[in-house]
Amino acid sequence: MDLEKEFIDLSIKFLFVCEDNNELNLLLNDLNSLDYRFQKISNQNVILQFIESLTKIQTTSGNNVIVKTCNLLKQLLNKQKISLPEPLSNKIINWIIKTQSNKSSDIFVCEALDVLALLFKNNHRAALMNLDMMLANDGVLVCHLKMAISNQQQTIIVHDYTPQEIYRSILSCIESILMHLEEENDFEISYEYIDSIGKILIKFIYNFKQNEIHDNDFISIATLAINSLKFICQTSLDFSTDHLGELLGITKAFMMYGLNDNIFYQPVKVHSSQQPIMDLANNTSKNKKIIGLTTKSKKNSKLNASKKKSASAKSGSSKQNYEQDNFNSFSIYRTSDSDFSDNEHNRELINRNKQSKLRLTAHTLVLVLASNIEKKVIFGYWHCLLSADDTICNSLTNCILKDSSPRCKIVALQTIIQLLKNSKPYLLQAENKDKITSTFTPFSVTLGNMITFTYEKLTQAIIKEADLTVLTQILKCISIFITVTPFHRLKVGVVSGFVKYVRLLIRHKDPTIKVAALIIMENLISLQEITPEIYELVEIPKSRIEFNLKKIDESIRMVQPKDDDFIDLELDEDDDTNMEESMNKLDITSSKMSWLLQIVLENLGIFNGIFKTRSIAVSVRVQSLQVLTAMTSHFLLLKDHLLSISTALAKCFQDSPVDEKLYASRALESLGSAINNFLSQEKKTQTDADLCLAFWIRLIPNVIENIQNIKQSTNGLRASLADSLSNLGVHIFEKLDSMKQTQLKSILTGCSYDDDTNVKSSAVRALAVYVLFPSLREDICFIENTTESVLRIIKDQNFVARTKASFGLANIVDCLLIVKETISLNNNLLREIFETCLQMTNDNDRVKVNAVRTLGNSITLLKIDHFKRSDWIQIFEKSIEALNHQLINCSNVKVKWNICYAFSSIMKNVLIFEDKLRIKWQEKVFNTLCQIIETSPNFKVRTNACLALTTPNQRKLYDIHFTKIWTCLLVALEQSNNMTDFNEYRHRDALQDQLCTTICHFINFAMIDDVIQMKSCLIPLMDVTKQNWERVINRLPPEYQNNVLTACNNIKTLEQNCKNVEQKNSIEIIIACFQPVNQLF
């Protein structure tokens, strides 16, 4: 009979018998016996109306009625895939909760909780609304769980339910509530209940004995409990931190459950330790149990036992048998009835799937812990997750190697990645270069061994892994690991171990694998501490001398996998034919080229300097460009191959997607900066200069074409190309013909009026760089036009635009300082520069850092005619006040450095010291600088303030402030050993050197009338000053010796010109304190 018609008939009949228990029992039997699995009811409104009518059943009805109603709800919700509206769902939930108030509710607790679990899963508001009622200390679920634990300890079967059946129902309901904790809601959640249920779950898992129940039941219950803990840890950081040891003990116990030859032990709390603790898996136990593929005899014995227990319950009619079958608890992890086929293979497959799901749940829990808990806390538990040797079996690295489930491997790798992120400060202490001969192993060595061992395991995983998704994650894990590893403190061979396989994978057929392998090489060559091993592996030149390619071990350069190793090396069709040619038959060009650069160029279509065919995948080409960008920090690696690189970049600019062009532009920008730095060095040949010039001549037309192509080029690309032109460099620009120079100026000037803010700000920045070039810095027309463009853009609302414009304005004023003897800027423009800079001092710190430098240099441009006018004097005073205010109140140290530089630049203009101008600024500036020297927590700021005080080159310029500054220097020298921040220790010597140099400066300018006051200030600090002076003078660089010599000559001259005994005694005390000055000469 048709299911829908039969269901409608029975549901109509139900409306008339819902109050008669006997007829209701029979009707529910008929409804439950329908085949809901293989037939669907098309009109779901009929089902919804019927479910709503179920709530009319009295909660005090017989237990059989409630049990059958719950089973019917489970079938409809599961097999018909019905999604209940929230109001209806709430009605059913309330009805079920009312049934739990019955005295005999224990008889149908599993059925009721199973339905609640299904409803809570699909109705997060209802789950959170009833959270307190269900999970409070006296809540429904907590009470049932405590009772079940008590009964399980006494091995009691409650109303035909075994403890594990009750556990499964309770935990599935708890899980369905906790899974909604992170969703947005309007309810106030009491996390006290959450933490309380978390403690109960931990205690439950630690006391839950595996050998007392069937393996399938154990797996299902453990999966539910661990998954519930995961949801709690996602929302409660305090709970995760407070119970981290217990939680990690749980994950270690289950992360390799069911794998061949793995011994399962009860969870044991993990303690924070600096040394690795012996894993329990290496100890023998009388009760040990091997978990793997369940043997047939073991299954038969368990099945026979369960049949004996249930034999007495099987009797009566077929409907009675049906009722008894439906008393069994419903597991939300059961996928279908066919999962329990009698076929032996299917049962083994189901068992393996459940085991892998349990392992995946354990891995997910540790991933949540690694992601949420502070690095400084979880770092103490690394020893239980990442082992330093083979003594620890249940580790993340062993999971990656031994687990058969790709999902488990991926989550384990993601956990390692989370552990490694931002962990560089903790791994810097690792070392294992030298063998430890003593019985004591330092923590740094243990940490170094852990890093080395993890690299070895990840390398083994690369060799043996066949799943491409897992292999991608392994490569990603290694790339993250590289960024935090101190290779210079580890033994040689760590990098070689994985690079030889990564080098093969760079030519893999799959683009994702190629990209992941290229990212590893990008991170490797981007390290600040490059070891000799990395230099040789990537063939990076180590010095400025022309690099001669070193022959590296054939096992690294021409690696082939061993017979017992597996590596899925599927080469591109093009690479398959070119592999032997490119690696075994190196021509003249490639013999001088790093293998990594060669692969990058081949991906971009360049083979032996000639364009052929590029890699099909855009992602591979983009990553190759990023590797090329990283290589620019080792310019000698690229120097001899600039023409091939220019051909590759030119092709990228011609017919590539916009994203690829953008990365090509960034590579060009970095290359331009590297070329400019290289040409600024003394050791360069004419050939090198010509090669760099040819590189730019080849690319400038492509850059200009893309900047002008508004239709096809995005604004981001055009802005990036303008930035790359700013790195053209003076050496290249001056060698270009006048037509090319004019073309560049015209293009950038036109872009400075572009509608897009980023384009015009980048163009203005490039023009401001060109202003400093010798051929343009005396072109007053070009300077004024550029200044007007900068002043126009600096008022933009875009922060990035203002930052670039402020940099450009600083460059323009620097240019004006260079040419101030020959040309001068229009007064109106100069006034506008001052007004703009004064406004910029209240802007963001990145704008402010350029503004204060510009303001100081601009004051240096003022001439006598300016100081004769009151409006310019007012501008000067406002500028001094603004700089003084920022030096005292600004918290950004870079701003403070530049203000000290600005004051130094200001004091180079001797006009401001003229008495007849009556400008009172010295007291403010000198007092502020002295305050900074004595009290600034940043020693580099103190050093720059000291340096600023040495700018005046005559005694009279210090006027009455000479003694005050002298006292300040002595006090600052005495306080230089007092550090509130230990990070300043590395800057202490530089500060003391500058303080002593400044003291020499003041001794050099001292006059006979100053010595008495200098002595009075010196006596209280005599001992400390002498000690610091002696230490500094012995390490003073040769370039500062002239200052010491000048000071020595001046103090001797003063000694000969003493007018009275007091002056002579004062000089003797000064000489006694700074005696090494006298002894040096």
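Residues numbered from 1 in each chain as written. Predicted model: local features only at pLDDT ≥ 70, side-chain atom pairs only at ≥ 80, totals over all residues. Heavy atoms only, no water.

The chain is annotated in an unreviewed UniProt entry as HEAT repeat-containing protein 6 of Polypedilum vanderplanki.

1. Some thoughts on the overall build of the chain
Each helix and strand in the chain was counted, giving 55 helices and four strands. Expressed as a percentage of its 1081 residues, the buried residues of the chain come to 55%. When the accessible surface of the chain is totalled, it reaches about 48,400 Å², and 49% of it is carbon and sulfur. (Helix = DSSP H or I, 4+ residues; strand = E, 2+ residues; numbered from the N terminus. Buried < 20%, exposed > 50% of the residue type's maximum accessible area, 1.4 Å probe, protein only. Areas by Shrake-Rupley, 256 points an atom, 1.4 Å probe, with all protein chains shown as cover.)

2. Some remarks on helix H33 (residues 642–654)
Helix length check: H33, at 13 residues, gives a terminal C-alpha distance of 18 Å against a target of 18 Å (1.5 Å per residue), a fit within 8%. Every buried residue belonging to H33 is among Leu-642, Ser-644, Ile-645, Ser-646, Ala-648, Leu-649, Ala-650, Cys-652 and Phe-653, and all of these are buried. For H33, the elements touching its buried residues are helix H31 (595–603), strand E3 (606–607), helix H32 (618–631), helix H34 (658–679), helix H35 (686–708) and helix H36 (715–726). (Expected span 1.5 Å × (residues − 1). Contact = heavy atoms within 4.5 Å.)

3. Details of the nonpolar core
Formed by 338 residues in total, the largest nonpolar core has its most connected members in Phe-254 and Leu-649. The contacts of Leu-649, once residues within four sequence positions are left out, are Leu-625, Leu-628, Ala-664, Ala-667, Leu-671, Phe-695 and Leu-699. (Core = buried A, V, L, I, M, F, W, Y, C linked by side-chain atoms within 4.5 Å.)

4. Description of the packing of aromatic side chains
Applying the stated criterion across every chain, the model contains 31 aromatic pairs. Ring geometry for Phe-254 and Phe-264: centres 5.3 Å apart, planes at 45°, overall tilted. With Phe-254 in helix H14 (residues 244–254) and Phe-264 in strand E1 (residues 262–264), this pair connects stretches of sequence that are ten residues apart. Of the two residues, Phe-254 and Phe-264, both sit in the buried class. Aromatic pair Tyr-455 and Phe-498: ring centres 5.4 Å apart, planes at 15°, arrangement stacked. Of this pair, Tyr-455 sits in helix H23 (residues 443–464) while Phe-498 sits in helix H25 (residues 494–505), placing them 43 residues apart in sequence. Each member of the pair Tyr-455 and Phe-498 is classed as buried. (Phe/Tyr/Trp six-rings, centres within 6.5 Å; stacked < 30°, edge-to-face > 60°.)

5. What about unusual backbone geometry?
The phi angle at Lys-81 is positive, at roughly 55°, despite the residue not being glycine. Mapped onto the secondary structure, Lys-81 falls in the loop between helix H4 (63–79) and helix H5 (86–99). Here Lys-81 falls in the exposed class, since its relative accessible area comes to 61%. Even without being a glycine, Glu-539 presents a positive backbone phi close to 65°. Of note, Glu-539 is situated in the loop between helix H27 (532–538) and helix H28 (554–557).

6. Focus: the side chain of Ser-789
Inspection of the secondary structure puts Ser-789 in helix H40 (residues 780–793). Contacts of Ser-789, omitting those with residues within four sequence positions, involve Ser-752, Tyr-753 and Val-764.

7. Some words on a nonpolar patch on the surface
Nonpolar side chains collect at one region of the surface, where Ile-12, Leu-15 and Phe-16 lie side by side and expose about 350 Å² of accessible area between them. Mapped onto the fold, Phe-16 is located in helix H1 (residues 3–17). A relative accessible area of 70% means that Phe-16 is categorised as exposed. (Patch = residues over 30% accessible without salt bridge, like charges linked within 9 Å, V, L, I, M, F, W, Y side chains within 5 Å. Salt bridge = Lys/Arg side-chain N within 4 Å of Asp/Glu carboxyl O.)

8. Quick look at the environment of Leu-691
You can see Leu-691 is positioned in helix H35. Considering only alpha carbons, one finds Leu-691 and Asp-640, 51 residues apart in sequence, at a separation of 8.0 Å. In this structure, Leu-691 is in contact with Lys-639, Asp-640, Leu-642 and Leu-643, ignoring residues within four places of it in sequence.

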